[in-house]
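Coordinate analysis (summary)
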Amino acid sequence: MNVFLTGKAGTGKTTFLKHFKERSSKRAVVLAPTGVAAINAGGVTIHSFFQLPFGPRVPGLATRESKFGKEKISIIRSIDLLVIDEISMVRADLLDAVDDALRRFRDRQRPFGGLQLLMIGDIQQLAPVARDDEWAILGKHYESVYFFHSKALQATRYVTIELKKVYRQQDQLFIDLLNRVREYRLDEETLRALNQRYAPGFAPEEGYITLTTHARQAAEINERQLDALATPPRVYRAEVKDDFPDHSFPTDRELTLKRGAQVMFVKNDSSPEKRYYNGMIGEVINTGEERVEVRGKEDGLLVRVTREEWKNTRYAVDANSKELVEKVEGTFKQLPLKLAWAITIHKSQGLTFEKAVIDPHAAFAHGQVYVALSRCRSLDGLVLSTPLRAAALKRDAAVERFVEGIKEPGKETLERARADYYRDLLLEQFDFEPLLQRFEAFYRNAGDYLYRLYPAFVTRFREARDLLSLELREVSARFRDQLTRMANASKDPAADPAIAERACKAKAYFEEYIARVIAPLLAEPLPELDNKLAGKLLEKTLEELIEEHRVKIETLKIIHRRFSAPAYLETRAKARIPEATAKAQGRKRTPPPSFSIPSPSSFPSSPSIPLPPVPRPTSGEPRDILNPALYEALRAWRKETAEKA
């Protein structure tokens, strides 16, 4: 089941994600809609990970598919969980594009390829961006631009979990006022309380930051204030190495500072002292060649600031451990500072300020006023440059309907979801349909391209295909039906001894069956063909069959006294990583593992049809070649003739 984790501003969604990444045993990838959000979340952007083009995507309209490398395909096939941070800013068509990519390399019949989603964000905060010309296209297909109207997401089940304790603000009066703004409940009492912070003609004092609706406004304020300082400027140039896109820069590439400038830290202190945090305001006291001295506006402490490093990462697979790792693509080193007389509301999301000046009259989008007000730690630190009016809140009917429909799950629902998740993984373990489909695909291609030259090779696959279709499909379907009934009737399938016993008996039966019918065929070398395109197609479908076979064998191995969901996830992920030695045509393949397996007679659904032994080749060549010496001589002559031509 998918999860939407939400919560008001300041409830710790970002902190949760950080701890989740450190502690989760699931193989996860973290994505975000923008470069800055991705850097802050320690992940990558949705567009870069899935190689998606910018612009609207029309459901059902074929688009050019990006060509993924083998490593990216392995990652997509091996992950258990996709985390999307700042989901409120993800458009519905972008989420559907993610669905397309996942179906392409995973399960085409299931939304998001059967992958679990963890979506984090607050739908009451900043909304996705869709220009008028883009919405003119998308509006014909989507009820709204928001992620929850994605076609793929609407086809799934997901629960909403809300973080409710606010950590940013301590004053309950201010928290209550913010909640009313968030929920569009601006009555006269609320407006009167907030407008007490209206200060006409207020000239921002030291420590105040102005939150603007447009980037140009913030830039003009910062430039004007910097120019007004009589102290000499110093320019600090960032060190950018390798691949770090401009749009992901956390601060200016060329940062101009002066003594007396008001700045904001844009990164938490990486040193053990933790002297500053992301969003902290200070004043530049001294500018040196390699470091800057900044005095905090609130605590008055002097901090000697040196360059910090940001990493642009991508996900990769470790060649030895097969673990998913974050590989550094490029780095950005710069002072973790930004001029901070003003900042846009958009860039302030996730930050906390002690003192802020806000102009609510200029708000033009849903969530802007709430985001701006909720950046302040206290009501006393908030100044309104124009009075707040109810019209400043840009209501969105789609958001209101969605929020009204949210029903948080109770404990019983969550327990049932956990049991269902275990059941689904258990059923997946004994679902042999993907293996049968891969086998069928290779057999059909082999029949098309190999039968005339290698009829015995193709015949062995046909005989095995017939047995698999008749027996493996029927037996596994009956067993899965039985498991489904048992799991649905159990309060805790993971601890049910009857289910554990059935899983162990089934493991023994299916291991023996696969080792006898499928494994010997996969040990045979692939015959050579003159047609290179046909040869590549055969190699591709055979590699896919070998991968599916490897997943089943490796995951069955780990079933001992019971089926373990964490062990299954870990083993399945690693088994999805292709072996480097099983690629090119003509190369020897790793032989299938040997088995020492108990008698399958204890499994009542074992087939009644006796299985004939599958013929094995007696040498490295397929048995179709009756005279290997003549065959090699003809190959050598053909190659020599072709080179002379």
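What comes next is a walk through the structure.

1. Describing the overall build of the protein
A tally of regular secondary structure across the protein gives 21 helices and 20 strands. With the C-alpha coordinates of the protein rotated into their principal frame, the extents come out at 95 × 70 × 50 Å. Evaluated residue by residue, the protein yields a buried proportion of 49% over its 645 residues. Residue pairs in contact within the protein that sit at least 24 positions apart in sequence constitute 76% of those at least 6 positions apart. For the protein, the computed accessible surface area is about 32,100 Å², with 51% contributed by carbon and sulfur atoms. Between the mean site of the 102 positive side-chain charges and the mean site of the 90 negative ones, the protein shows a separation of 2 Å.

2. Structural notes on the sheet that holds strand 3 (residues 44-45)
Sheets are built from strands that pair by backbone hydrogen bonding, the pairs being arranged parallel or antiparallel. Strand order across the open sheet formed by 6 strands is 3-2-4-5-1-6, with parallel pairing between neighbours. Of all the strands in the sheet, just strand 3 and strand 6 (158-163) have a single pairing partner and so form its edges.

3. Comments concerning the environment of Arg 375
Residue placement: Arg 375 occurs in the loop between helix 12 (368-374) and strand 20 (382-384). Among the residues examined, Arg 375 registers a relative accessible area of 1% and is labelled buried. When the C-alpha positions of Arg 375 and Pro 566 are compared, they lie 39 Å apart, and in sequence the two are 191 residues distant. Ignoring sequence-local partners within four residues, the contact set of Arg 375 consists of Ala 9, Gln 125, Arg 168, Leu 211, Ser 348, Gln 349, Gly 350, Leu 351, Thr 352 and Phe 353.

4. Focus on the sheet that holds strand 7 (residues 209-212)
Pairing in this open sheet of 4 strands is parallel, and the strands run 18-7-19-20 from one edge to the other. Of all the strands in the sheet, just strand 18 (342-344) and strand 20 have a single pairing partner and so form its edges. On average, each strand axis in the sheet is inclined to that of its neighbour by 30°, with strand direction left out of account. Bridge analysis of strand 7 against strand 19 (residues 356-358) gives 3 bridges, and the strand direction is parallel. Paired with Thr 210 across the two strands is Val 357, which belongs to strand 19.

5. Observations concerning unusual backbone geometry
Outside of glycine, negative phi angles account for most residues, and trans bonds account for most peptide bonds. Notably, Gln 51 is not glycine yet its phi reads approximately 55°, a positive angle. Here Gln 51 shows up in the loop between helix 3 (46-50) and helix 4 (70-78). For Gln 51, a relative accessible area of 32% translates into the label partly exposed. Residues other than glycine seldom take positive phi values, yet Asp 242 does so here, at roughly 60°.

6. Notes on helix 10 (residues 215-228)
In this model, helix 10 (14 residues) spans 20 Å end to end at C-alpha, consistent with the 20 Å of a helix rising 1.5 Å per residue. Restricting attention to buried positions, one finds in helix 10 the residues Ala 218, Ile 221, Asn 222 and Leu 226. Summarising the axial view, the buried residues of helix 10 lie within an arc of 125°, below the 170-degree limit, and thus occupy one face. Away from the buried face of helix 10 by more than 90 degrees, exposed residues Arg 224, Asp 227 and Ala 228 are located. For helix 10, the elements touching its buried residues are strand 7, strand 10 (254-258), strand 17 (337-339) and strand 18.

7. Section: the side chain of Thr 6
Checked against the element boundaries, Thr 6 lands in strand 1 (residues 2-7). From its side chain, Thr 6 meets the backbone oxygen of Gly 121 in a polar contact 2.9 Å long. Contacts of Thr 6, omitting those with residues within four sequence positions, involve Lys 13, Gly 121, Asp 122, Ile 123, Thr 160, Ile 161, Glu 162, Leu 163 and Arg 182.

8. Re the side chain of Asp 80
Tracing the backbone shows Asp 80 in the loop between helix 4 and strand 4 (81-84). Classification of Asp 80 as buried rests on a relative accessible area of 6%. A polar contact is formed between the side chain of Asp 80 and the side chain of Arg 572, at a distance of 3.0 Å. Leaving out residues up to four positions away in the same chain, Asp 80 has contacts with Lys 26, Arg 27, Leu 115, Gln 116, Leu 569 and Arg 572.

9. Let's talk about the environment of Thr 212
As for its placement among the helices and strands, Thr 212 is situated in strand 7. You can call Thr 212 buried: its relative accessible area is 6%. Measuring from C-alpha to C-alpha, the distance between Thr 212 and Pro 360 comes to 8.9 Å, with 148 residues separating the pair along the chain. Among residues more than four places away in sequence, those in contact with Thr 212 are Gln 217, Ala 218, Ile 221, Ala 342, Ile 343, Thr 344 and Ile 345. A polar contact of 3.0 Å, which involves the side chain of Thr 212, links it to the backbone oxygen of His 214.

Rules used in this analysis
- Residues numbered from 1 in each chain as written.
- Predicted model: local features only at pLDDT ≥ 70, side-chain atom pairs only at ≥ 80, totals over all residues.
- Heavy atoms only, no water.
- Helix = DSSP H or I, 4+ residues; strand = E, 2+ residues; numbered from the N terminus.
- Buried < 20%, exposed > 50% of the residue type's maximum accessible area, 1.4 Å probe, protein only.
- Contact = heavy atoms within 4.5 Å.
- Areas by Shrake-Rupley, 256 points an atom, 1.4 Å probe, with all protein chains shown as cover.
- Lys, Arg positive; Asp, Glu negative; His and termini not counted.
- Charge placed at Lys NZ, Arg CZ, Asp CG, Glu CD.
- Pairing = 2+ DSSP bridges.
- Axes fitted to C-alpha atoms, helices over the stretch in contact; angles between N-to-C directions.
- Expected span 1.5 Å × (residues − 1).
- Arc of directions from axis to C-beta.
- Polar contact = N/O pair within 3.5 Å; in protein donor to acceptor, adjacent residues only side chain to side chain.

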